[in-house]
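If you want the building blocks of each chain, they are given just below.
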Amino acid sequence: MMEKKQKITVVGIGPGSEKHLTKAAARALKESSVIISYGSYIELIKPFLKGKEIYSFEMKEEKERAKLALKLAEKGKSVAVISSGDAGVYGMGSLIFECAAKEGKKIEIEVIPGITAGIACASLLGAPLGNDFATISLSNLLMPWREIKRRLAAACKSGFVLVIYNPSSSKRKEVFRKAIKIIKKYRESKTPVGIVKNAFRKGEKVIITTLGEIEKFENEIDMLATLIIGNPQSFIFNKKIITPRGYKLD
Ligand code: SAH
């Protein structure tokens, strides 16, 4: 019998709308026989599910997802593992490679890039990422707070625009408040802040404010939001945030 190809495709499906899912991602979904996903993302890829074996998991079951993907691929199935945005950015990508390495499984793993939340949200805010930026996740589930704090302060001191993923949740409001306190030590209160919730998904909301006013919007900031905090050169014009690249205009 011919040996079946053992392969996992890790697919970034973009922020939500089908318009922002790449052609390569669509093709990978079509060509796979098994789809492994976090439950709520299934909604976002509905058109691709017909005739597939679907495994939908809860949050925090990432290791189980990765192990199942390896197991099914070993059996010769073509497995697609889904992450929202880009799978390599706080997604399933690294974990699948880590599990394969740990188990010594030399299965082919292909990664299909997707539009990550930071980039999608930036587009709705104008051009806030016109200069160097740092992405920081405020989730302290996998990273201790003291390390998050150190990185936040370092990114602020170094002048990076900040792209904050996982900014807050009902259980992590305190982390968010402490993070804002640190940022305020280094950035002026007029610093532009963009809050984007559900970019390119149902319930999309875009808020443009400043660091000084951010507390007013605390209730809007949850796991469905990404924050972009400008650098000292960033400014607001005509309801957009702009971070200059450095051109001298005359
Ligand atoms: N792999 C994903 C990130 C997963 S971490 C990516 O590349 O986009 C989850 C965090 O991503 C959320 O807490 C939120 O901060 C951000 N996020 C994901 N999708 C989003 C969207 N459509 N709108 C705003 N933020 C989003």
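Just so it is clear, the model here is predicted, and its values are computed rather than measured.

Trainee: Explanation requested: the overall build of the protein in the structure shown.
Mentor: A count of helical and extended segments in the protein gives 7 helices and 13 strands. Computed over the C-alpha atoms, the radius of gyration of the protein is 20 Å, within 12% of the 18 Å expected from 2.2 N^0.38 for a compact globule of 250 residues. Expressed as lengths along the three principal axes of its C-alpha atoms, the size of the protein is roughly 70 × 40 × 35 Å. In the protein, which comprises 250 residues, the share counted as buried stands at 48%. Surface summary for the protein: the accessible area is close to 13,900 Å², and the carbon and sulfur share equals 54%. Distance from the positive charge centre (44 side chains) to the negative charge centre (26 side chains) of the protein: 2 Å.

Trainee: How do you make sense of the side chain of Ser 168 when you look at a structure like this?
Mentor: Within the secondary structure layout, Ser 168 lies in the loop between strand E8 (161–165) and helix H7 (173–186). Taking relative accessible area as the criterion, Ser 168 reaches 1% and is therefore assigned buried. For Ser 168, the contacting residues outside a window of four places in its chain are Lys 173, Phe 176, Ile 221, Asp 222 and Met 223.

Trainee: Explain the packing of helix H3 (residues 62–74) against helix H4 (residues 93–102) to me, please; I cannot follow it from the model alone.
Mentor: Packed helix pairs are specified by the crossing angle of their axes together with the interaxial distance, meaning the distance between the axes. Relative orientation of the contacting elements H3 and H4 amounts to 60 degrees, with a least axis distance of 9 Å. Classed by the angle they form, the pair H3 and H4 counts as oblique. Crossing handedness for the pair H3 and H4: right-handed. Every residue of H4 that contacts H3 at Glu 62, Lys 63, Ala 66 and Leu 70 is listed here: Leu 95, Ile 96, Cys 99 and Ala 100. For the contact of H3 with H4, the per-class residue count stands at 6 nonpolar, no polar and 2 charged.

Trainee: Sorry if this is basic, but what is going on with the site of the ligand here?
Mentor: Around the ligand, a shell composed of 20 residues is seen, among which Val 89, Thr 116, Met 223, Ala 225 and Thr 226 lie nearest. Measuring from a nitrogen atom of the ligand, one finds a backbone N or O atom of Pro 15 at 3.3 Å. Asn 198 places a main-chain nitrogen or oxygen 3.5 Å from a nitrogen atom of the ligand. With respect to the pocket detection grid, the ligand is positioned in the largest pocket. Every element with two or more residues in the shell around the ligand is listed here: helix H5 (117–125) and strand E11 (225–229).

Trainee: Got a minute to help me understand the sheet that holds E11 in this structure?
Mentor: Pairing within the open sheet is mixed, and its 5 strands lie in the order E7-E8-E11-E9-E10. In this open sheet, the two strands that pair with only one neighbour each are strand E7 (133–137) and strand E10 (205–210). Neighbour-to-neighbour, the strand axes of this sheet turn through a mean angle of 15 degrees, independent of strand direction. With 5 bridges joining them, strand E9 (residues 192–197) and E11 adopt antiparallel strand pairing. Residue pairing for E11: Lys 197 is matched across the bridge by Ala 225. Those strands touched by helix H6 (residues 145–157) are E7 and E8, and its axis lies near 165 degrees from that of E7.

Trainee: Teacher, can you tell me more about the sheet that holds strand E12 (residues 235–237) here?
Mentor: Across a sheet, strands are paired by hydrogen bonds formed along the backbone, either parallel or antiparallel in direction. Pairing in this open sheet of 3 strands is mixed, and the strands run E6-E13-E12 from one edge to the other. Edge positions in the sheet fall to strand E6 (126–127) and E12, since each has one partner strand and no second. The sheet contact formed by E6 and strand E13 (residues 240–242) spans 2 bridges and is parallel. Opposite Gly 126, over in E13, you have Ile 241 as the bridge partner.

Trainee: I would appreciate a short explanation of the nonpolar core in the present structure.
Mentor: Among soluble globular proteins, nonpolar side chains are generally buried collectively. Counting residues in hydrophobic clusters, the biggest one holds 26 residues, and the most contacted among them are Leu 138, Leu 152, Leu 162, Ile 183 and Leu 227. Those elements that provide at least two residues to this core are E7, H6, E8, H7, E9 and E11. Every residue in contact with Leu 227, bar those within four places of it in the chain, is listed here: Leu 162, Val 163, Ile 164, Pro 167, Phe 176, Gly 194, Ile 195, Ile 214 and Ile 221. Of all hydrophobic cores here, the second largest spans 21 residues; its members include Ile 8, Val 10, Met 92 and Ile 96.

The rules behind the values
- Residues numbered from 1 in each chain as written.
- Predicted model: local features only at pLDDT ≥ 70, side-chain atom pairs only at ≥ 80, totals over all residues.
- Heavy atoms only, no water.
- Helix = DSSP H or I, 4+ residues; strand = E, 2+ residues; numbered from the N terminus.
- Rg over C-alpha atoms; globule rule 2.2 N^0.38 Å.
- Buried < 20%, exposed > 50% of the residue type's maximum accessible area, 1.4 Å probe, protein only.
- Areas by Shrake-Rupley, 256 points an atom, 1.4 Å probe, with all protein chains shown as cover.
- Lys, Arg positive; Asp, Glu negative; His and termini not counted.
- Charge placed at Lys NZ, Arg CZ, Asp CG, Glu CD.
- Contact = heavy atoms within 4.5 Å.
- Axes fitted to C-alpha atoms, helices over the stretch in contact; angles between N-to-C directions.
- Parallel < 35°, antiparallel > 145°, perpendicular 65-115°, else oblique.
- Left-handed = near helix turned anticlockwise from the far one by under 90°.
- Nonpolar A, V, L, I, M, F, W, Y, C, P; charged D, E, K, R; others polar.
- Near = heavy atom within 4 Å.
- Polar contact = N/O pair within 3.5 Å; in protein donor to acceptor, adjacent residues only side chain to side chain.
- 1 Å grid on protein atoms, 1.4 Å probe; cavity = no way out; pocket = protein on both sides within 12 Å on 5 of 7 lines; lining within 4 Å.
- Sits in = over half its atoms within 2 Å of the grid points.
- Pairing = 2+ DSSP bridges.
- Core = buried A, V, L, I, M, F, W, Y, C linked by side-chain atoms within 4.5 Å.

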